[in-house]
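Single-letter residue listing:
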Amino acid sequence: MNPMIASASVLAAALAIGLAAIGPGIGQGNASGSAVEGIARQPEAEGKIRGTLLLTLAFMESLTIYGLVIALVLLFANPFA
Amino acid sequence: MSDVSNSDTVSPPAGDSMQEFYQLQRELLLITLGLTGIIFICVWYFYSTNIALNYLLGACTGVVYLKLLARNVERLGREKAQTGKSHIAVFVGLIIVATQWNQLHVMPVFLGFLTYKGTLLIYTFRSLMSTPGDR
């Protein structure tokens, strides 16, 4: 592989996963914190709160996964190599 | 606004309130398996057995991912202070195997993995449609 392409791919992979993790990371932290706070306030609604948290975390994490796929494809199955 | 500190309200035991969460888990699993079966047959019919098996591998990993995520959410605030990352490791392993093994293709595996997202969308829309008077 051309060293220029290889270094650009590694850089792009690092940026892809790094940038893709920022937003969902903040969102997941906020959601989890609020959910735990909600459970502490209303233990009788624990199941409902955890269910909603599961759905929201799965939705948010898929955004990280998109970046992760781009990064892994660039590293292991680079179409420009 | 309801008064949550009212002493008259009797809070159910934790096991009872968690039944709703376990029910959601079961429902998500069943919808994912149903979707996987339907899409697997369609892909088998319109593409090839190899692509269909690729899809199936991705979908099965998606189910494992969802189970691990649910387990992490269940443990959140009890045993662990934050959600773990074991479910991400499952996905990373899948994509690395898909890129390294010649028999596997990245796209069908990845789209198979995303079946769980279709499940979440179906569940969310269904719950929105079924409870219009709750909000």
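These notes cover the structure that comes with them. Please read all numbers here as calculations on a predicted model, not as lab measurements.

**A short note on the packing of aromatic side chains**
Ring pairs (aromatic) are described by centroid distance and by the angle formed between their planes.
All names here are of chain B.
Reasoning step 1: Within this structure, the stated rule accounts for nine aromatic pairs over all chains.
Reasoning step 2: Ring geometry for tyrosine 45 and phenylalanine 46: centres 5.1 Å apart, planes at 90°, overall edge-to-face. Each of the two residues, tyrosine 45 as well as phenylalanine 46, counts as exposed.
Reasoning step 3: Between phenylalanine 113 and tyrosine 116, the aromatic rings sit 5.4 Å apart at their centres with planes inclined by 75°, giving edge-to-face as the arrangement.

**Things to note about the interface of chain A and chain B**
One frequent convention defines the size of an interface as the accessible area lost when the parts assemble.
Reasoning step 1: Across the contact, 27 residues belong to chain A and 38 residues belong to chain B.
Reasoning step 2: Taken together, both faces of the contact between chain A and chain B bury some 2900 Å²; the carbon and sulfur share is 74%.
Reasoning step 3: Among the residues of chain A in contact with chain B, Arg50, Leu54 and Phe59 of chain A are the three that bury the most area, contributing 22% of the side total.
Reasoning step 4: At the junction of chain A and chain B, the tally comes to zero salt bridges.
Reasoning step 5: There are six residue pairs in polar contact (both at pLDDT 80 or more) connecting chain A and chain B.
Reasoning step 6: Elements that contribute at least two residues to the side of chain A that touches chain B include exactly helix 1 (3–41) and helix 2 (46–76) of chain A.
Reasoning step 7: Here the element with the most residues in the side of chain A that touches chain B is helix 2 of chain A; it accounts for 20 residues.
Reasoning step 8: Tallied by class, residues from the side of chain A that touches chain B come to 16 nonpolar, six polar and five charged.

Thresholds applied
Residues numbered from 1 in each chain as written. Chains lettered and ligands numbered in written order. Predicted model: local features only at pLDDT ≥ 70, side-chain atom pairs only at ≥ 80, totals over all residues. Heavy atoms only, no water. Phe/Tyr/Trp six-rings, centres within 6.5 Å; stacked < 30°, edge-to-face > 60°. Buried < 20%, exposed > 50% of the residue type's maximum accessible area, 1.4 Å probe, protein only. Contact = heavy atoms within 4.5 Å. Buried area = accessible area lost by both parts, 1.4 Å probe. Salt bridge = Lys/Arg side-chain N within 4 Å of Asp/Glu carboxyl O. Polar contact = N/O pair within 3.5 Å; in protein donor to acceptor, adjacent residues only side chain to side chain. Helix = DSSP H or I, 4+ residues; strand = E, 2+ residues; numbered from the N terminus. Nonpolar A, V, L, I, M, F, W, Y, C, P; charged D, E, K, R; others polar.

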